[in-house]
Number of protein chains: 2
Amino acid sequence: MGKQMKTAITPTREEDYPEWYQQVVKASDLAENSPVRGCMVIKPWGYAVWEKIVANLDRMFKETGVKNAYFPLFIPLRFLQKEAKHVEGFATECAVVTHHRLEKGPDGNLVPAGELTEPLIVRPTSETIIGDSFSRWVSSYRDLPILLNQWANVVRWEMRPRVFLRTAEFLWQEGHTVHATSEEAYERTEMMLNVYADFVEEFLAMPVLRGAKSPAERFPGAVDTLCIEAMMQDRKALQAGTSHFLGQNFAIASEIKFQSAEGKEEYAWTTSWGASTRLMGGLIMVHSDDDGLVLPPRIAPAQVVLMPIIKKEETRQAVMDYTNSLADELRALDFHGEKLSVEIDDKDKPGRAWDWIKKGVPIRVEIGPRDMEKNAVFMGRRDTPGHKKESMDRNDFVAKTVDMLDDMTQKLFQKALDHRAEFTEKVDGKDAFYKYFTPKNAEKPEMHGGFALSHWCGGMECEEKIKQDLAVTIRLIPFDAEEEAGECICCGKPSKKRVVFAKSY
Amino acid sequence: MGKQMKTAITPTREEDYPEWYQQVVKASDLAENSPVRGCMVIKPWGYAVWEKIVANLDRMFKETGVKNAYFPLFIPLRFLQKEAKHVEGFATECAVVTHHRLEKGPDGNLVPAGELTEPLIVRPTSETIIGDSFSRWVSSYRDLPILLNQWANVVRWEMRPRVFLRTAEFLWQEGHTVHATSEEAYERTEMMLNVYADFVEEFLAMPVLRGAKSPAERFPGAVDTLCIEAMMQDRKALQAGTSHFLGQNFAIASEIKFQSAEGKEEYAWTTSWGASTRLMGGLIMVHSDDDGLVLPPRIAPAQVVLMPIIKKEETRQAVMDYTNSLADELRALDFHGEKLSVEIDDKDKPGRAWDWIKKGVPIRVEIGPRDMEKNAVFMGRRDTPGHKKESMDRNDFVAKTVDMLDDMTQKLFQKALDHRAEFTEKVDGKDAFYKYFTPKNAEKPEMHGGFALSHWCGGMECEEKIKQDLAVTIRLIPFDAEEEAGECICCGKPSKKRVVFAKSY
Ligand SMILES: [Zn+2]
Ligand SMILES: [Zn+2]
């Protein structure tokens, strides 16, 4: 595409990345803001992507022995007080239910009535309410492990909401497990992190780093928080999944005790792990371009869209027959254990092809009388520069579709990996570090920085200072970080390994 | 089973039906009450049944062109005021969010803070918040129809909660559609009622009556409410799904307008339809017996459970190999388009078989060294009286499993149908009607009554009087009710057809 050509999305990524993001969400018809502050409406196209994410993650969880269950939306206030750090972490941003009725007030308008004796909190996460059930379900080592997951909505009040990335209500899954030993619980924590990493890399084509959070960035009440982090196109990090080793903290708070094989009463060891509709935000920001959404084929609601071109009424039937039979052939194809999903768009209105480009469908096919004559299709891939289309023999196209889709997944992944490699560097010395994370234009910051692999002394003060000065945080301490002597980027004290610093969502 | 034999569930249905219900829920491990008043915990076995219900209903909805989406949990107070009847119907039983923060009070305990300028209601149903989106999405007849569904949790405060049947929070789906014409909207209302009826009859093996509600029993704000009603074993009715024709009421309240093909601005026509975790309650009450849950095969999380019997360590490997290879064979079987689901329970503890009887698994198989020698299995069906088991040739068993399951579904359905026929009768005259619905033992009412097909003048006063006197309501006006002259059961005025009166859940 030449520099002069108009893009489907205005502004472009380069011009204004945050605004570009909002415009891609809009143009792709994924979601919109609702009249309820901070809450989003997930539109059918967006929800269909989420359904793909849910179906595949759910299958992967179940393959590790996890079962689904459902726990109450509301948490009694006293439950939140049980774990001190947990309270501090969540108490500042909760939706509080105080009444259970509405009555007509003196002016005829409805007013809250029926005050509750104890306020209820809309769950921000469910460790405490699930812990209450676990305390009743666990009595012997024979009851362990318990491996549960719940798909649910949660609410965390947000002062600066942003669709998918930070919303007051969001959809997620939260896994909760109980174990007899610390080792087994830690193994589960790592296992589920790897499930997230595998899912995100294979299905979302999004390369991730795996590691542990620094103490300041841990889940409130956790002993250790493992995470995966991905780099967005603006070089900021997005946390794509977390897995928490909770030690015995929540078991003590919720009284989850069991009699061991040796007859001793012990507190259990628990984990929790979650991924949410934030993944949708990451997906958009990693792959999309200045013409809209780009969907990795395995989570696209439709891998192929067929657009019959009906110029004259007398050819309508023939074109539609050709289209429908092609759709049948494609829908019979196996695509990673499922049938290929094909959409037919016969609305034949101006801008139809561009709508599908903006919605990110991997392969578009146009079918007109001339294509039929040649037993051909006129097809374009979402990842072809300039959206160039080519004529392909129909049978050849059907035979190659799955390979093309896999090739696209592979290329999207590689492109994101190259991007991350390009903007990841070892940064040493305070000056270089501050320079790395400071935009040239303070008024309207251009894309800058990236992932800085830098030394850190392990001190909270340094971490806090860097956060205050630059809005940069330690994203993770990589599992595979090499031992290397160095000096803390902030205070110069000795450090043994590099951690990943970045700005983040 | 002889009369003297102990049942797995105490009390029996005959002795105390409501308490029997609670005990079946407990013994089958489907769900439990939570510490949050009126909210339940759906345990893994119960949730797995719900997942089957969801998967199949979802597929059936999508086959009619419906797509899923997701709308906010919270509804601004002013939205509820828009439709007068709707407010009256729901305002008395809502969870009201008034604050968005918790702070430490003077005594160190958390107290609600950050009062909202406008209270938010936790959705009891979503017509108003979805209507707001529709008003923005619809502008031309070309935008219609809109056919959406949402799977979600909703909250209606309950003073006398009962697990699955009446809970403050429950899971459901709510479909919402918008149409250009009254006819099309009414057709959709009927179509979705038929989807519910087909699903409930085929998958839950629960026969239903189809019809319309009387005006007093309609959904608040609806022009017409269609419903399906099933008879429980205690002869009470349970509403298993409703489909509402909303006319233009909600379109006017939410300003859903469109430009017609003729260029005229018109209000749209809307429908909504829902089914919930109440279906789980119906399922339990229709089929279960005094030994626990009975699951219709198509919604059982596992159709078959295999229980290897390991008496000596030296036979363990051989028995497990036999069990695993049998499981593989069974899991390769096609059961209504899915693979058969098989559970292996190798815990070999006393009472294991009874646990699976109480959990309602359709077919139990025991495998010991002697069965192996004969290349046989020792199997029992959940619907065999006395839970008698029989030895079957292994290959014969595999060949017959699917047929046995379908036979069980058919028998469960027929049994429920016979039960309904037995306790459905034409009742004429006020005395007979009052007698029909009055238990002999007022203190501890025995099972009594049933579905009374009786004449009704159409007057609200008669309906109200019968409800007050007998706690009996008009369950539905059957679609297939014959024209027949008669006299109202209450006031004696002329009536043209019989309606179905019953006590209900
Ligand atoms: Zn330092
Ligand atoms: Zn009357």
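Residues numbered from 1 in each chain as written. Chains lettered and ligands numbered in written order. Predicted model: local features only at pLDDT ≥ 70, side-chain atom pairs only at ≥ 80, totals over all residues. Heavy atoms only, no water.

Caption draft 1: Structural view of the overall build of chain A. Looking only at helices and strands, one finds 14 helices and 27 strands in chain A. For 505 residues, the compact-globule estimate of 2.2 N^0.38 gives 23 Å, and the C-alpha radius of gyration of chain A, at 26 Å, lies within 12% of that figure. The principal-axis extent of the C-alpha atoms belonging to chain A is close to 80 × 60 × 60 Å. Within chain A, contacts between residues at least 6 apart in sequence are counted, and of these 70% link residues at least 24 apart. (Helix = DSSP H or I, 4+ residues; strand = E, 2+ residues; numbered from the N terminus. Rg over C-alpha atoms; globule rule 2.2 N^0.38 Å. Contact = heavy atoms within 4.5 Å.)

Caption draft 2: How the structure looks around the coordination of the zinc ion (ligand 2). Residues and elements named next belong to chain B. Note on the zinc ion (ligand 2): its protein donors are Cys457 (SG), Cys462 (SG), Cys488 (SG) and Cys491 (SG). The metal-donor distances range over 2.2 to 2.4 Å. Every donor counted, the 4 donor atoms about the zinc ion (ligand 2) form angles of 104 to 114 degrees at the centre, which fits tetrahedral coordination. Read in sequence order, the donor residues for the zinc ion (ligand 2) give the motif C-x4-C-x25-C-x2-C. Residue Cys457 is found in the loop between strand S23 (451-455) and helix H14 (460-470), and its partner Cys488 is found in the loop between strand S25 (486-487) and strand S26 (494-495); the two are separated by 31 residues along the sequence. Among the residues examined, Cys457 registers a relative accessible area of 26% and is labelled partly exposed. (Donors = N, O, S within 2.8 Å, 3.2 Å for Na, K, Ca; no water. Tetrahedral: all angles 85-135°; square planar, octahedral: opposite > 155°, others 65-115°. Buried < 20%, exposed > 50% of the residue type's maximum accessible area, 1.4 Å probe, protein only.)

Caption draft 3: Region of the structure containing the coordination of the zinc ion (ligand 1). Surrounding the zinc ion (ligand 1) are the protein donor atoms Cys457 of chain A (SG), Cys462 of chain A (SG), Cys488 of chain A (SG) and Cys491 of chain A (SG), at 2.2 to 2.4 Å. Note that the zinc ion (ligand 1) binds 4 donor atoms; their angles at the metal cover 104 to 113 degrees, and the shape is tetrahedral.

Caption draft 4: Spotlight on unusual backbone geometry. Of note, the bond from Thr10 of chain B into Pro11 of chain B is cis; its omega dihedral lies within 30 degrees of zero at 0 degrees. The omega angle of the peptide bond from Leu144 of chain B to Pro145 of chain B is -5 degrees, so this bond is cis rather than trans. For Pro145 of chain B, the location among the structural elements is in the loop between helix H5 (127-137) and strand S7 (146-155). The backbone of Glu255 of chain A shows a phi angle near 60 degrees, a positive value even though the residue is not glycine. With respect to the helices and strands, Glu255 of chain A occurs in the loop between helix H7 (249-254) and strand S12 (257-259). By relative accessible area, which is 39% here, Glu255 of chain A ends up partly exposed.

Caption draft 5: Fine view of the packing of aromatic side chains. In the structure shown here, the tally under the stated rule is 34 aromatic pairs over all chains. Measuring from ring centre to ring centre gives 6.0 Å for Phe134 of chain B and Trp137 of chain B, while their planes differ by 65 degrees; the resulting arrangement is edge-to-face. With a gap of 3 residues between them, Phe134 of chain B and Trp137 of chain B both fall in helix H5, about one helical turn apart. For Trp137 of chain B, a relative accessible area of 17% corresponds to the buried category. Seen from the ring of Phe203 of chain A, Arg298 of chain A lies directly overhead, with NZ or CZ sitting 4.0 Å from the centre. Across the ring face of Tyr322 of chain B, the terminal group of Arg394 of chain B is positioned such that the distance to the ring centre comes to 4.7 Å. (Phe/Tyr/Trp six-rings, centres within 6.5 Å; stacked < 30°, edge-to-face > 60°. Lys NZ or Arg CZ within 6 Å of the ring centre and 35° of its normal.)

Caption draft 6: Molecular detail of the sheet that holds strand S8 (residues 169-179) of chain A. Residues and elements named next belong to chain A. Ordered by their spatial adjacency, 11 strands build an open sheet running S3-S7-S8-S14-S11-S10-S9-S24-S27-S23-S22, and the pairing between neighbours is mixed. Lying at the two open borders of the sheet, with one neighbouring strand each, are strand S3 (67-68) and strand S22 (424-426). Sheet analysis places S22 next to strand S23 (residues 451-455), joined by 3 bridges and oriented parallel. When the sheet's bridge partners are listed, Lys426 is paired in S23 with Leu453. (Pairing = 2+ DSSP bridges.)

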